[in-house]
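# Fold and geometry: a report
The primary structure of each chain is shown beneath.
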Amino acid sequence: SSHPRIFFTDSNGNPDYLIDVNGGHFLIHDVTNAADRLKIDSSGRVILGHSSSLSIGGGTNGTLQSHGTIPFAGVRYANSEGGPFLNLAKSRATSSGSNTVVQANDELGTIIFAGDDGTDLISKGAQISAAVDGTPGSNDMPGRLVFSTTADGSASPSERMRIDSSGKVGIGTSS
C-alpha cells in the first residue's frame, strides 16, 4: 500500500489493530473483529463504531457520531455535590475563541431524539430546545426551554410545552 499503516499484533504476531491514514482520513480498525472502531474523515467528523457518518435527526451529519449497542456514559469523580454534565453553547462569532453576543430567539442548543423508520434515521420523534428569551447582555442570558413531540403520521416535532425566562409554563400554547 502507498499510504501509511501501522499494525499492532498480539503476542503471537497476529494482526490485532490497524491504524490507517488514507485519502484524508485517519482510521483505527479492529482486525480481529473486522470492525472500524474510530475514524476521522476528511471533513473532520469523528465516527466511533462505523466506517462512515450517517444523516441523523433532520439530515445532519454530526461532527461526533457513535454507533453501536453501548450508549454514551458520563461519570464524574469529585468529592462534591456536582454531577456530570453536557455543555452546549452558541455564539454569533465567526471564528473559534472570539465572542459575539447572541440575539433574542437564537437557538442555544437542541437535543434531538430520532428513530429508524425503515428508510433512514432522519425522522424526529421528539426534541428539547433552549433559546434566548429576551435581550441578552454581559452576564445576562434570559432563556427558555421548548419541549416538542411528533404526532402519529408525522416525521417532525411540534411544540407541546414551553418554560419561558420568567418561569411561566405553557402547555399547548407558546404564550
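Model, not experiment: these values are computed from the prediction. (Residues numbered from 1 in each chain as written. Predicted model: local features only at pLDDT ≥ 70, side-chain atom pairs only at ≥ 80, totals over all residues. Heavy atoms only, no water.)

With that settled, consider the overall build of the protein. Looking only at helices and strands, the protein features zero helices and 11 strands. Listing each helix as α and each strand as β along the protein from the N terminus yields β-β-β-β-β-β-β-β-β-β-β. Computed over the C-alpha atoms, the radius of gyration of the protein is 21 Å, more than 25% above the 16 Å expected from 2.2 N^0.38 for a compact globule of 175 residues. Structurally, the protein occupies a C-alpha span of about 65 × 45 × 40 Å along its principal axes. (Helix = DSSP H or I, 4+ residues; strand = E, 2+ residues; numbered from the N terminus. Rg over C-alpha atoms; globule rule 2.2 N^0.38 Å.)

It is worth spelling out the pairing of strand S1 (residues 5-9) at this point. Sheet analysis places S1 next to strand S2 (residues 15-22), joined by five bridges and oriented antiparallel. Paired with Phe8 across the strands is Tyr17, a residue of S2. In this structure, the hairpin formed by S1 and S2 is closed by a connection of five residues, where Gly13 is found at a positive phi of approximately 85°. (Pairing = 2+ DSSP bridges.)

What follows covers the sheet that holds strand S7 (residues 107-114). Taken in spatial order, the five strands of this open sheet run S7-S8-S9-S10-S11, and their pairing is antiparallel. Each of the sheet's edge strands pairs with one partner strand only, and the pair in question is S7 and strand S11 (169-171). Put simply, the sheet's adjacent strands are angled 20° from each other on average, direction ignored. Here strand S9 (residues 143-149) pairs with strand S10 (residues 158-163) via five bridges, running antiparallel. Across the sheet, Phe147 pairs through a bridge with Met161, a residue of S10. (Axes fitted to C-alpha atoms, helices over the stretch in contact; angles between N-to-C directions.)

What follows is about the pairing of S2. Pairing of S2 with strand S3 (residues 25-30) involves six bridges; the strand directions are antiparallel. Paired with Tyr17 across the bridge in S3 is Asp30.

In this section: the sheet that holds S2. Strand order in the open sheet formed by six strands is S1-S2-S3-S4-S5-S6, and the pairing between neighbours is mixed. Looking along the sheet, the strands with just one partner apiece sit at the ends: S1 and strand S6 (64-66). Across the sheet, the mean angle separating the axes of adjacent strands is 15° when strand polarity is ignored.

Across all of its chains, the model carries six salt bridges by this definition. Across the pair Arg5 and Asp20 runs a salt bridge whose closest N-O atoms are separated by 3.8 Å. Taken together, the residues Arg5 in strand S1 and Asp20 in strand S2 connect sequence positions 15 residues apart. With a closest N to O distance of 2.7 Å, Arg37 and Asp30 form a salt bridge. Of the residues examined, Arg37 reaches a relative accessible area of 35% and is grouped as partly exposed. With relative accessibility at 3%, the residue Asp30 sits in the buried group. (Salt bridge = Lys/Arg side-chain N within 4 Å of Asp/Glu carboxyl O. Buried < 20%, exposed > 50% of the residue type's maximum accessible area, 1.4 Å probe, protein only.)

With that out of the way, let us pick up the environment of Gln103. Residue position: Gln103 is located in the loop between S6 and S7. A relative accessible area of 39% means that Gln103 is categorised as partly exposed. Each C-alpha atom, one on Gln103 and one on Gly137, is 9.3 Å from the other, the two residues being 34 residues apart in sequence. With sequence-adjacent residues up to four places away left out, Gln103 is seen in contact with Arg92, Val132 and Pro136. Side-chain polar atoms of Gln103 contact the backbone oxygen of Val101, separated by 3.4 Å. (Contact = heavy atoms within 4.5 Å. Polar contact = N/O pair within 3.5 Å; in protein donor to acceptor, adjacent residues only side chain to side chain.)

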